[in-house]
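Structure assessment
Each chain, written out:
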Amino acid sequence: RPYANAMANKLKGAGFENINDYKNNNINVDLEFCGIGNIHVVRNSYYTMLDKVSYNISEESNIYTNIAESKWYDVIITILKSSFQIYNSIFVDNNNILIHCSDGWDRTSQLCALSQILLDKYYRTLDGFICLIEKDWISFGHQFRYRNGLYSQFDSKVSESQFSPIFIQWLDCIYQIMEQNYTKFQFNFNLLTFLAEEVYAGKYGTFLFNNEKEREMYDAENKTLSIWNYVKENEDTFINYIYDPEDNGQLVISYKRVKLWSDYFCRFEKGGNGYLYEFDKKNKKEKMIIEKFCNR
């Protein structure tokens, strides 16, 4: 969190770690505030990206001004920097790390999962990436239902202000790392755009609930489809064929080379082969087949 946010939480009776509590153990403790914006900052930034980049065709010549105005990539770079800081602290300096944000299910998942991508090449394989999302997002308790804007009559205390594309933001961070280290990943960019679309589509139960309790309550395992079944059944679509499993080199990042995730933010372009455009064509074709069958 930004330091100011942490202090505000402290005034409300919450707060952050007090390093003086560790002085008697003769160990060195450092406290780092990463300055990553909260869900409201992310939501507002995302809306600006959609409004000025994804949907706005008339201002195409101002694309870089609009991206800068959103501050979306300011936050992306902050998350990436924090993740590499965690990597260096663990791998280089041999430290133990405790990661937490205000509640523990947003920025915590982002940093924990990103740092594991950096630390362990298993999580750069297709199976490892699936395991990572299941472990550090789904089982960990990221509130997919609230963050995706899915509310019910039982959510009287929850408003639309809880919507925030935290998982999309994390996928964009993965995209940036892959862009600069592509041969070190067994899966390709198609997997990222596919997940980014399906997290909101509601077709799979994987991203429909806030926690394990809700999944058990609604019998998600038996009543909904798992997105991973589709991914594994269509593995050829998501495999990177220039992946080098023998490459054990460290992942690197140049913040100067961070770029627009155009496969996602420009997918509404009808003149190109954007993911949503192809997805829409497929849906229309399926709808025509269904209507033809029903009208017999």
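Residues numbered from 1 in each chain as written. Predicted model: local features only at pLDDT ≥ 70, side-chain atom pairs only at ≥ 80, totals over all residues. Heavy atoms only, no water.

Observations concerning the overall build of the protein
Looking only at helices and strands, the protein features 15 helices and 0 strands. In the protein, which comprises 296 residues, the proportion classed as buried is 43%. Partitioning the intrachain contacts of the protein with sequence separation of at least 6 by distance along the chain shows that 70% fall at a separation of at least 24. (Helix = DSSP H or I, 4+ residues; strand = E, 2+ residues; numbered from the N terminus. Buried < 20%, exposed > 50% of the residue type's maximum accessible area, 1.4 Å probe, protein only. Contact = heavy atoms within 4.5 Å.)

Side note on the pattern of salt bridges
Where charged atoms from two side chains of opposite charge approach closely, those side chains can pair. Evaluated as defined, the whole model comprises 9 salt bridges. Between E69 and K52 there is a salt bridge, with the nearest N and O atoms lying 3.0 Å from each other. On the criterion of sequence distance, the pair formed by E69 in helix α3 (residues 63–70) and K52 in helix α2 (residues 39–54) is long-range, its members being 17 residues apart. A salt bridge links K184 to D247; the nearest nitrogen and oxygen atoms lie 3.3 Å apart. Taken together, the residues span a long stretch of sequence, with K184 in the loop between α8 (166–180) and α9 (189–201) and D247 in the loop between α13 (235–238) and α14 (262–265) at a distance of 63 residues. Take K184: its relative accessible area is 14%, and that puts it in the buried class. (Salt bridge = Lys/Arg side-chain N within 4 Å of Asp/Glu carboxyl O.)

Focus on the nonpolar core
Judged by nonpolar contacts, the single largest core of 66 residues is most densely connected at F129 and W170. Looking at this core, the element that brings in the most residues is α8, giving 10 residues. Not counting the four nearest positions on each side in its chain, F129 is found in contact with I117, Y122, Y123, W170, L171, I174, F187, L191, L192 and L195. (Core = buried A, V, L, I, M, F, W, Y, C linked by side-chain atoms within 4.5 Å.)

Describing the packing of helix α5 (residues 107–119) against α8
At a minimum axis distance of 11 Å, the contact between α5 and α8 shows a crossing angle of 20°. Classed by the angle they form, the pair α5 and α8 counts as roughly parallel. When the axes of α5 and α8 are compared, the crossing they make is right-handed. Between α5 and α8, the contacting residues are Q110, A113, L114, I117 and L118 on the first element and I166, Q169, W170, C173, I174 and I177 on the second. Class assignment of the residues belonging to the contact of α5 with α8 gives a composition of 9 nonpolar, 2 polar and no charged. (Axes fitted to C-alpha atoms, helices over the stretch in contact; angles between N-to-C directions. Parallel < 35°, antiparallel > 145°, perpendicular 65-115°, else oblique. Left-handed = near helix turned anticlockwise from the far one by under 90°. Nonpolar A, V, L, I, M, F, W, Y, C, P; charged D, E, K, R; others polar.)

Side note on the environment of Y151
Tracing the backbone through its elements, the reader meets Y151 in the loop between α7 (144–147) and α8. Taking the relative accessible area as the measure of exposure, Y151 reaches 28% and is therefore partly exposed. C-alpha separation for the pair Y151 and Q162, spaced 11 residues apart in sequence, amounts to 9.8 Å.

A look at the layout of surface pockets
Of the pockets and cavities examined, the largest pocket occupies roughly 930 Å³. Every residue lining the largest pocket is counted, 29 residues in all, and those nearest its centre are D30, L31, E32, I97 and L98. Where the lining of the largest pocket is concerned, the elements lending two or more residues are α4 (72–92) and α5. Looking at side-chain class alone, the lining of the largest pocket contains 15 nonpolar, 8 polar and 6 charged residues. (1 Å grid on protein atoms, 1.4 Å probe; cavity = no way out; pocket = protein on both sides within 12 Å on 5 of 7 lines; lining within 4 Å. Points joined across faces, edges and corners; volume = space filled by probe spheres on them.)

Digging into unusual backbone geometry
In this structure, N94 is a non-glycine residue whose phi angle is positive, near 60°. N94 sits in the exposed class, given a relative accessible area of 68%.

Topic: a nonpolar patch on the surface
Together, F91, V92 and L119 make up an exposed nonpolar region whose accessible area comes to about 290 Å². Relative to the assigned elements, V92 resides in helix α4. (Patch = residues over 30% accessible without salt bridge, like charges linked within 9 Å, V, L, I, M, F, W, Y side chains within 5 Å. Areas by Shrake-Rupley, 256 points an atom, 1.4 Å probe, with all protein chains shown as cover.)

Describing the confidence of the model for the protein
Put simply, the protein has an average pLDDT of 87, and 87% of its residues get 70 or more. Segment residues 272–277: pLDDT under 50, and 15 contacts once partners within four positions in sequence are set aside and those in other chains are kept. (pLDDT = per-residue confidence, 0-100.)

Concerning the packing of helix α6 (residues 126–139) against α9
The interhelical angle for the contact between α6 and α9, taken along N-to-C directions, is 30°, at an axis separation of 12 Å. Considered as vectors, α6 and α9 are oriented roughly parallel to each other. Of the two possible hands of crossing, α6 and α9 adopt the one that is right-handed. For the pair formed by α6 and α9, the contact residues are L126, F129 and I133 on the first element and L191, L192 and L195 on the second. Grouping the amino acids of the contact of α6 with α9 by side-chain chemistry returns 6 nonpolar, no polar and no charged.

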